[in-house]
There are 2 protein chains.
Amino acid sequence: MTQPRPPRRHDTPATRAALMRAALPLFAARGFAGTTVEAIAGAAGVNKALINYHFGGKQGLFTAILGDILSEAETRMAPLAAADRPADERLRHFVRIWAETAAATPEFPVMMMRELISGGQHLEAGFFARIVAIFGTVREIIADGVRDGRFRPVDPLLTHLSLVGSLMFFFATEPARERLFELGRPEAARPTRERFARHIEELITVGLAPSADDRPSGAAV
Amino acid sequence: MTQPRPPRRHDTPATRAALMRAALPLFAARGFAGTTVEAIAGAAGVNKALINYHFGGKQGLFTAILGDILSEAETRMAPLAAADRPADERLRHFVRIWAETAAATPEFPVMMMRELISGGQHLEAGFFARIVAIFGTVREIIADGVRDGRFRPVDPLLTHLSLVGSLMFFFATEPARERLFELGRPEAARPTRERFARHIEELITVGLAPSADDRPSGAAV
DNA sequence: GTCTATAGGCTGATAGAC
DNA sequence: GTCTATCAGCCTATAGAC
């Protein structure tokens, strides 16, 4: 709940990074409560007392990891904030960014999804808000597109939720799907990240394209 | 991991049901490892030893609850299996079923989402497969629609994943969103279940409608 | 900075009275 | 069937040597 005191002095980054790298997949796969510090230390190849030394405890390690995750997300999404290109192009860019992010850090969507599901209960104040802010970019883009007529008059929030939902679900359940394909049907065509990204891009293009009779006058829901 | 022995004899349903009803929201909000048997018993107003008596342990209680959840899902989805109506109509029906299910049991999508994320690691063999089977209905419907030309030639699996993903994400993050609106912006228009369901129905209609030049000859991706 | 050893708390499960 | 009392194990965190 509250943070233990931070006992660090000058931090040799080596084991610190090793602990974070080892803990990420464990937290993603089993959640915070389901992961023991002993498992983390074992995976990192160091002593579990070092978790306390470097992060002030298990919660501190988790917070540090999620902070990194969020920073990475913010960096990746930053280019989208600039409204210099058409909304449909920016939205497709958003989809591609997610595919690249999941390729670079597959645990990323899982961690986000877990925190969204838990409602940020066990988290530092502000983390939950940061997650929401990251996704809020999409809502802005959609609202822009509706405003300038590139999209039909959809509700930006609902559209935003359905788009982000598709992406989050797909990437967060990727490990499970992978496991399923390995065990059950190795022959079937697997939905790769790239194929899914293109599929969503196409769905956006078709689903948000304005029809002939879309005028900014009538309120359509 | 393995199941404790089942010590039940003839089961008075009263406390058994009370335990299951009390445990559901706790498991949904905090996950299996994050929920203590003491919290469950406290919420149910009974002694924690009864969890062992009636379910053989915490894992047994969890399994029983998820079994009920899955049975309810299978019952609700059963009408969709019959291919007696057009695919687009069945797909809209699927969306409505989810909205009704979430209204009846909001913890439902959260539990499913947690299990999908965890890949069914801690579960009885077969539960994970049942979850997949439930959603598999949608893929069949989409494949039907593509086959008879009511939908444009989309990939059934990718389309299925994007549709189910939107729904699962929306309903699984409902508690978090509710909390967010309460704390931050009570004035804004909340995305209700009904509005979201209609939004998705519309998105399907527009996004899957065949265009003039969709012929069953060319392979479209 | 990193380790060993251990403290201290909580948790799930059981024994046994009623 | 339900309760009280309790145990044994695990798990996080700390103390202190190196």
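Above: the structure in question.
Here the structure is a predicted model, which means the values were calculated and not measured.

A. Examining helix 8 (residues 156-172) of chain A more closely. Residue and element names in this part refer to chain A. Helix length check: helix 8, at 17 residues, gives a terminal C-alpha distance of 23 Å against a target of 24 Å (1.5 Å per residue), a fit within 8%. Counting buried residues in helix 8 gives 16 out of 17 residues, a clear majority hidden from the surface. The N-capping residue of helix 8, defined by a side-chain oxygen 2.8 Å from the backbone nitrogen of Leu157, is Asp155.

B. Focus on the interface of chain A and chain B. If you look at the interface, chain A gives 50 residues, while chain B gives 49 residues. Here chain A and chain B share an interface that buries about 4,300 Å² over both sides, 66% of which is from carbon and sulfur atoms. When the buried surface of chain A facing chain B is broken down by residue, Ile117(A), Leu158(A) and Phe169(A) rank first, second and third, together holding 16% of it. At the boundary of chain A with chain B, the tally comes to four salt bridges. Salt-bridge contacts for Arg195(B) lead to Asp155(A); the nearest nitrogen and oxygen are separated by 2.7 Å.

C. Structural detail: the environment of Ser211(B). Residues and elements named next belong to chain B. Of note, Ser211 is situated in the segment after helix 10 (193-208). Looking at Ser211, the relative accessible area reads 38%, which means it is partly exposed. Each C-alpha atom of the pair Ser211 and Val146 lies 12 Å from the other, and the pair is 65 residues apart in sequence.

D. Region of the structure containing helix 6 (residues 107-118) of chain B. Residues and elements named next belong to chain B. The end-to-end C-alpha separation of helix 6 is 17 Å, in line with the 16 Å expected for 12 residues at 1.5 Å each. Burial within helix 6 is extensive, with 12 of its 12 residues counted as buried. Of the residues trailing helix 6, Gly119 is marked for its positive phi of about 70°.

E. Looking closely at the pattern of salt bridges. Considering all chains together, one arrives at 26 salt bridges over all chains under this definition. With a shortest N-O distance of 2.5 Å, Arg190(A) and Glu178(A) are connected by a salt bridge. Taken as a pair, Arg190(A) in the loop between helix 9 (174-183) and helix 10 (193-208) and Glu178(A) in helix 9 lie far apart in primary sequence, 12 residues in all. The residue Glu74(B) makes a salt bridge to Arg130(B) at a minimum N-O spacing of 2.9 Å. Within this pair, whereas Glu74(B) is found in helix 4 (residues 58-81), its partner Arg130(B) is found in helix 7 (residues 127-147), the two being separated by 56 residues in sequence. Glu74(B) gets classed as partly exposed once you look at its relative accessible area, which sits at 32%. Residue Arg130(B) is classed as partly exposed on the basis of its relative accessible area, which comes to 24%. Each member of the salt-bridge network shares a partner with another, and the members are Asp84(A), Arg85(A) and Glu89(A).

What counts, and at which threshold
Residues numbered from 1 in each chain as written. Chains lettered and ligands numbered in written order. Predicted model: local features only at pLDDT ≥ 70, side-chain atom pairs only at ≥ 80, totals over all residues. Heavy atoms only, no water. Helix = DSSP H or I, 4+ residues; strand = E, 2+ residues; numbered from the N terminus. Expected span 1.5 Å × (residues − 1). Buried < 20%, exposed > 50% of the residue type's maximum accessible area, 1.4 Å probe, protein only. Polar contact = N/O pair within 3.5 Å; in protein donor to acceptor, adjacent residues only side chain to side chain. Contact = heavy atoms within 4.5 Å. Buried area = accessible area lost by both parts, 1.4 Å probe. Salt bridge = Lys/Arg side-chain N within 4 Å of Asp/Glu carboxyl O.

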